[in-house]
Amino acid sequence: MARTEPIKAVRGVRDILPAEMPLWRAAQQGAAEVGRRFGYEEIITPILEHAELIERVGEDTDAVAKELYRFDDRGGRNLALRPEATAGVVRAYFEGGLNQGPQPSRLYLFGPMFRYDRPQKGRYRQFFQFNVEAIGSAAAGLDAEVIELASEWLHQVGLQDLRLELNSIGDGKCRPAYLERLKAYYRPLKSQLHGDCQLRLERNPLRLLDCKVPQCQPFKADAPRITDHLCDECAAHWAAVRRLLEGAGIDISTTPTWCAASTTTRAPCSSSIRVAQKGNRTRWLREDAMTGWRKPRAGRRHRASDSRVAWIASPS
Ligand SMILES: [Zn+2]
Ligand SMILES: [Zn+2]
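I will try to describe carefully the structure that is included in this document.

1. Some points on the packing of helix α1 (residues 21–37) against helix α5 (residues 140–156)
Axis separation between α1 and α5 bottoms out at 9 Å; the angle between their running directions is 145°. In the packing of α1 onto α5, the handedness of the crossing is right-handed. Of α5, the residues touching α1 (which contributes A27, G30, A31, E33, V34, G35 and R37) are L149, E152, W153 and Q156.

Now the structure itself:
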């Protein structure tokens, strides 16, 4: 018998109806305009990638470990709907020979991303990201540039009163010792942490700083901060990024008690940022940026610097 009740949208996704399009267009066109003004070129990569590529880039992140849309296609290939753009853009950078051209390679992408997250108000399983990548240089100026670009865009779409939370995740030289300090701090508190955090403590302790569960909050204030334990190179890089941003008139807080999870595995010298709209944070947007090393096929090391803005909900 034919089904009679109407078929609704898949759980966790939504339509953008004509009434919302002017707002949506303003965000997208604003991204393109700001991207071009900063000298970035547009790139479009497929929504589908080999699951292996996505996993290699973000193995320790929730977006990959728990929220990846993965499936076998009719040919038996293990594919994924991209949870973020960096893996695909870096793949295209090498596959398309952009690594042979002038460096750094400045690229931007605006498009849908997918995460099998628990749907909540303002968070969808398909959402749009403005993604910026500057690949091929380790200059602090490039980190600052990407952050300034993000800030310009957020202002352009009408968000006022923004503050940048700037952090560092150190590098292979200084991060291991910091992680030991962090574990040593949290070990006596283990039984008071929530279940996931108890598991993270040994495997990926930086994630403890990202936890939003109320019972884990009281311990963050006294946790050691990585910015007090950076090596000379990382401290100089971090200070240079800060100076440049202050020079650009960006309001910065440098004492965040969080660390963007996806920056934790392969970024020897990185800055992480979050732009928060005071008093009305996650309902509007989530923003983070990261820099990291990617190992190209030729064996040379390139620096990948990127900033992404997840536009989670339209202001209502
Ligand atoms: Zn927790
Ligand atoms: Zn360092």
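2. Looking at the nonpolar core
With 30 residues, the main nonpolar core has L164, L166, L182, Y186, L193, L209 and L245 as its most contacted residues. Among the elements of the structure, α5, β7 (162–170), α6 (175–186), α7 (195–203) and α8 (232–247) are those that each provide at least two residues to this core. Looking at this core, the element that brings in the most residues is α8, giving five residues. Setting aside anything within four residues of it in sequence, one finds L245 in contact with A144, I147, E148, L164, L166, I250 and I252. Among the nonpolar cores identified, the runner-up in size contains 20 residues, and A32, V34, L149 and L154 belong to it.

3. Comments concerning the coordination of the zinc ion (ligand 1)
Looking at the zinc ion (ligand 1), the protein donor atoms are H194 (ND1), C197 (SG), C211 (SG) and C216 (SG), and they sit 2.1 to 2.3 Å from it. Bound by four donor atoms, the zinc ion (ligand 1) shows angles of 102 to 118° at the metal and therefore tetrahedral coordination geometry. All donors of the zinc ion (ligand 1) belong to a single chain; written as a sequence motif, their spacing is H-x2-C-x13-C-x4-C. On the criterion of sequence distance, the pair formed by C197 in helix α7 and C216 in the loop between α7 and α8 is long-range, its members being 19 residues apart. The residues C197 and C216 share a single accessibility class, namely buried.

Rules used throughout
- Residues numbered from 1 in each chain as written.
- Chains lettered and ligands numbered in written order.
- Predicted model: local features only at pLDDT ≥ 70, side-chain atom pairs only at ≥ 80, totals over all residues.
- Heavy atoms only, no water.
- Axes fitted to C-alpha atoms, helices over the stretch in contact; angles between N-to-C directions.
- Helix = DSSP H or I, 4+ residues; strand = E, 2+ residues; numbered from the N terminus.
- Left-handed = near helix turned anticlockwise from the far one by under 90°.
- Contact = heavy atoms within 4.5 Å.
- Core = buried A, V, L, I, M, F, W, Y, C linked by side-chain atoms within 4.5 Å.
- Buried < 20%, exposed > 50% of the residue type's maximum accessible area, 1.4 Å probe, protein only.
- Donors = N, O, S within 2.8 Å, 3.2 Å for Na, K, Ca; no water.
- Tetrahedral: all angles 85-135°; square planar, octahedral: opposite > 155°, others 65-115°.

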